[in-house]
Amino acid sequence: NNEERRQFVSAFMLVYLVGTLSYRVWNEKHVRTGIVYEFTWLCNVTQLAIVWGLRTNRPLLACGFCNAVSIDQLMWYGDVAGYFL
């Protein structure tokens, strides 16, 4: 049951990842290199790492990237708070 759930979540994340990239490319009038650049940001790469980690039964890989994104977000909130002080 746990393996089925892991496969389902990884398949969903892969479909979401491909759908997001396809949507971004489809809605651009001219394909620009910025789309690929934006896709290399940590939050987008984390989606790919989650798929890879769950498919290969390495949840630590997925959790590590998720932790990195959460630390990045916390630092961003601190930056915004510091801006207003």
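Residues numbered from 1 in each chain as written. Predicted model: local features only at pLDDT ≥ 70, side-chain atom pairs only at ≥ 80, totals over all residues. Heavy atoms only, no water.

(A) Looking closely at the state of the cysteines. Enumeration over the complete set of coordinates arrives at 0 disulfides. Of the cysteine sulfurs around Cys43, a residue in no disulfide, the closest is that of Cys66, at 12 Å. For Cys43, a relative accessible area of 40% corresponds to the partly exposed category. (Disulfide = S-S within 2.5 Å. Buried < 20%, exposed > 50% of the residue type's maximum accessible area, 1.4 Å probe, protein only.)

(B) Fine view of the packing of aromatic side chains. Evaluated as defined, the whole model comprises 3 aromatic pairs. Taken together, a centroid distance of 5.3 Å and an interplanar angle of 65° make the contact between Trp76 and Tyr77 edge-to-face. Centre to centre, the rings of Tyr83 and Phe84 are 5.3 Å apart; their planes meet at 75°, and the pair counts as edge-to-face. (Phe/Tyr/Trp six-rings, centres within 6.5 Å; stacked < 30°, edge-to-face > 60°.)

Note that every value here comes from positions in space, so none of it alone points to a role or purpose.
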